[in-house]
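Now for the letters of each chain:
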Amino acid sequence: MRSYDNGRWGLPVLWGLRASVFPRALALALPNGILAFFLGLAIEATDGDREITKNAFSIMAGFSSVLFFVLYFRSNVAYGRWWEGG
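Fair warning: this is a prediction, and the values are worked out from it, not measured in the lab.

What follows deals with the overall build of the protein chain. A count of helical and extended segments in the protein chain gives three helices and zero strands. When the 86 residues of the protein chain are sorted by exposure, 2% land in the buried category. A total of about 8,400 Å² of accessible surface is found on the protein chain, and carbon and sulfur atoms cover 69% of it.

Spelled out as structure tokens, the structure:
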């Protein structure tokens, strides 16, 4: 359990490692990041790869736009319900 100390501006809560998910996340992400970096150095990019990457970015942009609108309208509906209940 995490104990909180008032009067220290909350900085230990933000940067503390005790009861935090950051060490576990770093233990999983760091080896994968290093592996991806070295694989990126080892594998040469071709013209076909650049075309696939361009298409992937277009798909990601479309998905992000749809996701943005879905989350926006869902939040807007929830906010409206909150005001109705209050």
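This paragraph deals with the packing of aromatic side chains. Here the structure, examined in full by the defined rule, presents eight aromatic pairs. Ring centres of Phe 69 and Phe 73 lie 6.4 Å apart, and the angle between their planes is 20 degrees; on these two criteria the pair is classed as stacked. Note that Phe 69 and Phe 73 are positioned in helix H3 (residues 47–85) at a spacing of four residues, about one turn of the helix. Assessed through its relative accessible area of 46%, Phe 69 is described here as partly exposed. With a centroid separation of 6.1 Å and 85 degrees between ring planes, the pair formed by Tyr 79 and Trp 83 is classed as edge-to-face.

On the surface, a cluster of nonpolar side chains totalling about 640 Å² of accessible area is made up of Leu 26, Leu 30, Ile 34, Phe 37, Phe 38 and Leu 41. Here Phe 38 is to be found in helix H2 (residues 22–42). Phe 38 sits in the exposed class, given a relative accessible area of 52%.

So, how was this worked out
- Residues numbered from 1 in each chain as written.
- Predicted model: local features only at pLDDT ≥ 70, side-chain atom pairs only at ≥ 80, totals over all residues.
- Heavy atoms only, no water.
- Helix = DSSP H or I, 4+ residues; strand = E, 2+ residues; numbered from the N terminus.
- Buried < 20%, exposed > 50% of the residue type's maximum accessible area, 1.4 Å probe, protein only.
- Areas by Shrake-Rupley, 256 points an atom, 1.4 Å probe, with all protein chains shown as cover.
- Phe/Tyr/Trp six-rings, centres within 6.5 Å; stacked < 30°, edge-to-face > 60°.
- Patch = residues over 30% accessible without salt bridge, like charges linked within 9 Å, V, L, I, M, F, W, Y side chains within 5 Å.
- Salt bridge = Lys/Arg side-chain N within 4 Å of Asp/Glu carboxyl O.

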